[in-house]
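A look at the structure
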2 protein chains.
Amino acid sequence: MAFQLDLPLMLEQLRKKFGINDTQFAAFSSYFKKLEIPAKTTLLEEGEIANRIFFIEKGCVRVWFNSDGKELTMQFFFENETVASIESFKKQVPSLLYIETIEPCEIWYISKQDLETIHQQLGHTLDIRNELIDYLFERLFHYMHHFLSFLRDSPLKRYEALIKDNPMVIRRVPQHYIASYLGVSSVHLSRVKSELARKKP
Amino acid sequence: MAFQLDLPLMLEQLRKKFGINDTQFAAFSSYFKKLEIPAKTTLLEEGEIANRIFFIEKGCVRVWFNSDGKELTMQFFFENETVASIESFKKQVPSLLYIETIEPCEIWYISKQDLETIHQQLGHTLDIRNELIDYLFERLFHYMHHFLSFLRDSPLKRYEALIKDNPMVIRRVPQHYIASYLGVSSVHLSRVKSELARKKP
DNA sequence: GGGCTACGATAACATTTGTTATCAAATCAA
DNA sequence: TTGATTTGATAACAAATGTTATCGTAGCCC
């Protein structure tokens, strides 16, 4: 049998995700750092240049931006999902987005620099690049669908779709964040909910 | 000097884009086919499985979908841009989107099969993969920004931004398409325009 | 436990946007 | 050119959504 590292579960998952074998990964595993942080902790602020990618082991996170003092939520992330202010990280420009915990979280991260080290040493392996391509497709399709539903659907329909497709959000995220994610005021989301309750009691 | 192929300008650009040298490209150039088509020609319909990627040499194109009989426009494409129903093409699922010319067009395309042939033969070259990664980032950032502006900005602001960032759309695209692209009715876009005219005469 | 804060529901009113209808101008085809 | 179609503006009204204010509840910190 191959030499077996005793990695934390999260790192083992990351290892598989990147398609790196045990022995190679041993050299890199120390690049991944763990945070244990309370709810409402800011991981990245508007204006900062993102130099970390986050991997959520436990808890949930929202990505939002400031619009004239109003907090508008772009997306929620839960266990085993990867979060970054991807445009800031890629282009090294100031982030438009905040990343903030909603619940107490256990989160791993890696710095851009360390990721590039891995990249340089394993660049000939295509797995990392393919992983990135898959990730980008996934994110792209997510935004296209979400955007499409904004053009096509009423807030009620978007809320129903959210219940169906991502009930975790309904259960774990405060409602005013959900409202801004759906593009309506929290007052209107209340209306939508009571309308839904009347429809299906 | 290297052997010089006498390629049409568009193919020369595609060659560079893919990072393939002249000699190698000679074997592939016949995979790219040219269309000369009138305005309002449908290149891909809802329900079809996309098996082509289009490169616009001349003219413009819109990508739209049907929502209860209403045509909702997702995006416009102009000269030297690449268009596809990317999710359908990648996953080989029925397309949600239509691709349709707005003006008379000269458009090149390559089939998925031929693209894969190139890919297999040049897979060791990373340029194609890097090109894809760059393209995906670009598309992703585009959708994120567009979506963000839907959450943050009024239709008036979105229209002003369009004038500033992509005046070609204003000049070349019929207004009711622009309205659906901005997420408002064509009647309301007229209102927005006259409001703008009053503001800055 | 007491007080504070965050969260969510509801009402009343204001604003924005959609819908339908009509008309005028521009474009296109025969 | 002429007639038909497309495009765009406007008015009048309807529907959707935002805003502000108020209230009650639940959770949380000390």
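Focus on the sheet that holds strand β6 (residues 82-83) of chain A
All names here are of chain A. Pairing is antiparallel across the open sheet formed by four strands, whose spatial order is β1-β8-β3-β6. This sheet does not close on itself; its edge strands, each paired only once, are β1 (33-37) and β6. Bridging between strand β3 (residues 52-58) and β6 involves two bridges; their strand directions are antiparallel. Across the sheet, F54 pairs through a bridge with V83, a residue of β6.

Some points on the relation of the copies chain A and chain B
Expressed as a screw operation, the relation of chain A to chain B combines 0.0 Å of axial shift with a rotation of 180°, fitting to an RMSD of 0.0 Å. Taken together, the rotation and translation relating the two chain copies correspond to the operation of a two-fold axis. Within chain A, L140 of chain A has its C-alpha nearest the rotation axis, a separation of 2.6 Å. In this assembly the copies share their binding face: 100% of the residues contributing to the interface of chain A also contribute to that of chain B.

Looking at the interface of chain A and chain B
In this complex, chain A contributes 33 residues to the contact, which on the side of chain B involves 33 residues. Around 3500 Å² of area is buried between chain A and chain B when both sides are counted, 82% of it from carbon and sulfur atoms. Our count for the contact surface shared by chain A and chain B stands at two salt bridges. Among the salt bridges present, the one from D134 of chain B reaches K90 of chain A, with a minimum N-O distance of 3.7 Å. The tally of links from chain A across to chain B stands at four residue pairs in polar contact (both at pLDDT 80 or more). Secondary structure elements with two or more residues in the side of chain A that touches chain B: β4 (61-67), β5 (70-77), α3 (86-91) and α5 (127-152) of chain A. Of the residues forming the side of chain A that touches chain B, the biggest block, 19 residues, is contributed by α5 of chain A. Here the residues of the side of chain A that touches chain B sort into 19 nonpolar, seven polar and seven charged.

Here we look at helix α8 (residues 175-182) of chain A
All names here are of chain A. The element α8 is largely enclosed, with a buried count of six among its eight residues. What α8 keeps buried is the set Y177, I178, A179, S180, Y181 and L182. Just downstream of α8 lies G183, where phi reads positive at about 80°.

Notes on the protein's contact with DNA strand C
Taken together, the neighbourhood of DNA strand C is formed by 17 residues, with Q175 and S190 of chain A together with P155, S185 and R191 of chain B sitting nearest. Within the side chain of S190 of chain A, one N or O atom sits 2.6 Å away from a phosphate oxygen of DNA strand C. Within the side chain of H188 of chain B, an N or O atom sits 3.2 Å from a phosphate oxygen of DNA strand C. Listing elements by their share of the surface near DNA strand C, those giving two or more residues are α8 and α9 (186-199) of chain A together with α9 (186-199) of chain B. The element best represented in the surface near DNA strand C is α9 of chain A, accounting for five residues. Within the surface near DNA strand C, the residues separate by chemical class into five nonpolar, seven polar and five charged.

Focus: the protein's contact with DNA strand D
Residues in contact with DNA strand D amount to 17 residues; listed here are only the nearest, P155, S185 and R191 of chain A together with Q175 and S190 of chain B. One of the backbone N or O atoms of S185 of chain A is found 3.1 Å from a phosphate oxygen in DNA strand D. Within the contact set of DNA strand D, a phosphate oxygen lies 3.3 Å away from a side-chain nitrogen or oxygen of H188 of chain A. Put simply, the parts of the chain that give the surface near DNA strand D at least two residues each are α9 of chain A together with α8 (175-182) and α9 of chain B. In terms of residue count, the dominant contributor to the surface near DNA strand D is α9 of chain B (five residues). When grouped by side-chain class, the residues that make up the surface near DNA strand D number five nonpolar, seven polar and five charged.

Remarks on the nonpolar core
F32, F55 and M74 of chain A together with F32, F55 and M74 of chain B are the most contacted members of the largest nonpolar core, which totals 101 residues. In this structure M74 of chain B touches M144, F147 and L151 of chain A together with V63, W64, F65, L97, Y143 and Y181 of chain B, once residues within four positions along its chain are discounted.

What counts and what doesn't
Here, residues in each chain are numbered from 1, in the same order as that chain's written sequence. For naming, the first written chain is A and the first written ligand is 1, with later ones following in the order written. Residues qualify for local features only when their pLDDT is at least 70, as the model is predicted, and side-chain atom pairs are given and counted only at 80 or more; totals for whole chains, interfaces and linings, by contrast, use all residues. For side-chain calculations, the full set of non-hydrogen atoms in the structure is used, while hydrogens and water are omitted. In this description, strands pair whenever DSSP reports at least two bridges between them. The way it works is that DSSP assigns letters per residue, a run of H or I at least four long becomes a helix, a run of E at least two long becomes a strand, and they are numbered from the N terminus. Least squares is used to superpose the copies, and the fit set is the C-alpha atoms of residues whose pLDDT is at least 70 in both copies. A contact between two residues is defined here by any heavy atoms of the two lying within 4.5 Å. Reported buried area values correspond to the accessible surface (1.4 Å probe) lost by two parts on association, with both partners' losses combined. By salt bridge we mean one thing: a side-chain nitrogen of Lys or Arg within 4 Å of a carboxyl oxygen of Asp or Glu. Two N or O atoms form a polar contact when they lie within 3.5 Å of each other; inside protein one atom must be a possible hydrogen donor and the other a possible acceptor, and for residues adjacent in sequence the pair counts only when both atoms belong to side chains. Lys, Arg, Asp and Glu make up the charged group, whereas Ala, Val, Leu, Ile, Met, Phe, Trp, Tyr, Cys and Pro make up the nonpolar group; the residues left over, Gly among them, are polar. The buried label goes to any residue with under 20% of its type's maximum accessible area, the exposed label to any with over 50%, and the partly exposed label to all in between, with areas taken from a 1.4 Å probe on protein chains only. Here a residue is considered near a molecule or strand provided that any single heavy atom belonging to it is located within 4 Å of it. By convention a nonpolar core is built from buried Ala, Val, Leu, Ile, Met, Phe, Trp, Tyr and Cys residues, the set being connected through side-chain atoms within 4.5 Å.

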